Amino acid sequence: MPLQVKNSGSWAKPHDIWIKDGGVWKKLSAMYVKDGGSWKKIFPNSFPGSWTSPGPGDGNFVVPEYITLTITTAAAGGGGGAGGANDGWVEGAWGNPGIVGGNTAFYSPANVVAYGGAGGPGGNDSGGKQPPGAPGAGEGGTVTSGGGSAGGAGGLNGGNGGVGGDGGYGGLVTRTFNIGEAGAPIPGTTIPYTVGAGGVGGAEVWNGGPFTGSYTSQPGAPGTDGSLSISWT
């Protein structure tokens, strides 16, 4: 039984209520009424809950009644780079790089966006291991690491080629909105979102020569998909 007030001829749910106490205006935290012998809360009309995206792709989220709304966008990890291939006699082939992970975004009035990790570089043709791809960043909230996991690097199936680089981790951005503040989503509105898919690993390469045989490198592993988590009180 939510509280409603009449505003310009229309009934609406208030986000804030202020009362004057001892000459000072104070914000009301909760209001109850007695109904059939039981006290029932009528303000604010919010019930704690949470929601997590079902997987990568686009969708819409209907904003619930809330006091605080916390958005966590985790971008996808980048794919690992494939190993290089070299038969040990002639110039070899460099591995293919991994693909960048997809971004995850919540398009509220104040957008919360995490960027995908970069793909790992492909392995060279003369041994060693490549550095990892750069981790993703973000905007619209507190930016940290720990989004989608990076794809592993592709190695060798013999020969002298180099190992590819791991993919970069996806970015992680968190923001908590308080009802009524600037940029806070309005309860009942529909907010579009995007969840990024993990970056594809780099494809294997082949190299062969007349003396020591032929070699095909290992492909890079894909990055982990991103996610979107929302909780409210």
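About the thresholds
Residues numbered from 1 in each chain as written. Predicted model: local features only at pLDDT ≥ 70, side-chain atom pairs only at ≥ 80, totals over all residues. Heavy atoms only, no water. Helix = DSSP H or I, 4+ residues; strand = E, 2+ residues; numbered from the N terminus. Buried < 20%, exposed > 50% of the residue type's maximum accessible area, 1.4 Å probe, protein only. Polar contact = N/O pair within 3.5 Å; in protein donor to acceptor, adjacent residues only side chain to side chain. Phe/Tyr/Trp six-rings, centres within 6.5 Å; stacked < 30°, edge-to-face > 60°. Patch = residues over 30% accessible without salt bridge, like charges linked within 9 Å, V, L, I, M, F, W, Y side chains within 5 Å. Areas by Shrake-Rupley, 256 points an atom, 1.4 Å probe, with all protein chains shown as cover. Salt bridge = Lys/Arg side-chain N within 4 Å of Asp/Glu carboxyl O. Pairing = 2+ DSSP bridges. Contact = heavy atoms within 4.5 Å.

Novice: Tell me about the side chain of N124, and name the residues and values.
Specialist: With respect to the helices and strands, N124 occurs in the loop between β11 (112-114) and β12 (138-139). Classification of N124 as buried rests on a relative accessible area of 13%. At 3.1 Å, the side chain of N124 and the backbone nitrogen of S126 are in polar contact.

Novice: Which residues make up the packing of aromatic side chains, and what values do they have?
Specialist: This model, assessed by the stated rule, comprises four aromatic pairs. Ring geometry for W51 against F61: centres 5.2 Å apart, planes inclined by 45°, an arrangement best described as tilted. In this pair, W51 sits in strand β7 (residues 49-52) while F61 sits in strand β8 (residues 57-62), placing the two residues ten residues apart along the sequence. For W51, a relative accessible area of 24% corresponds to the partly exposed category. F61 sits in the buried class, given a relative accessible area of 6%. For the ring pair F61 and W232, a centre distance of 6.1 Å and an interplane angle of 55° mean the geometry is tilted. One end of the pair, F61, is in strand β8; the other, W232, is in strand β18 (residues 227-232), with 171 residues separating them in the sequence. The class for W232 is buried, based on a relative accessible area of 14%. Each residue in the set W51, F61, F106, Y193 and W232 is aromatic and connected to the rest through ring pairs, giving one cluster.

Novice: I'd love a proper account of a nonpolar patch on the surface, names of residues and values included.
Specialist: Residues I99, V100 and V200 make up a contiguous nonpolar surface patch of roughly 270 Å² in combined accessible area. By secondary structure assignment, the location of V200 is in the loop between β15 (190-195) and β16 (206-209). Judged by its relative accessible area of 53%, V200 is exposed.

Novice: Let's hear about the pattern of salt bridges: which residues, and what values?
Specialist: On inspection of all chains with the given rule, the structure shows one salt bridge. Between D166 and K129 there is a salt bridge whose closest N-O contact spans 3.7 Å. Residue D166 is found in the loop between β13 (142-145) and β14 (171-178), and its partner K129 is found in the loop between β11 and β12; the two are separated by 37 residues along the sequence.

Novice: Describe the sheet that holds β8, and please don't skip the residues or the numbers.
Specialist: Taken in spatial order, the five strands line up as β8-β15-β10-β11-β12 in an open sheet, and their pairing is antiparallel. Looking along the sheet, the strands with just one partner apiece sit at the ends: β8 and β12. Relative to β12, β11 is paired through two bridges, and the arrangement is antiparallel. Bridge assignment links V113 to a residue of β12, and that residue is E139.

Novice: Give me the lowdown on the pairing of β18, citing residues and values where you can.
Specialist: On β18, burial follows the alternation: L228, I230 and W232 on one face are buried, whereas S227, S229 and S231 on the facing-out side are not. Examined bridge by bridge, β7 and β18 share four bridges and lie antiparallel to one another. Residue pairing across strands places W51 opposite I230, the latter belonging to β18. Sheet topology note: the strand β9 (residues 68-74)/β18 ladder contains six bridges and is antiparallel. Paired with T70 across the two strands is S231, which belongs to β18.

Novice: Run through the environment of I230, naming residues and quoting values.
Specialist: Tracing the backbone shows I230 in strand β18. For I230, a relative accessible area of 2% gives the class buried. Taking the C-alpha atoms as reference points, I230 and W51, separated by 179 residues in sequence, lie 5.2 Å from one another. Leaving out residues up to four positions away in the same chain, I230 has contacts with G49, S50, W51, F61, L69, T70, I71 and F106.

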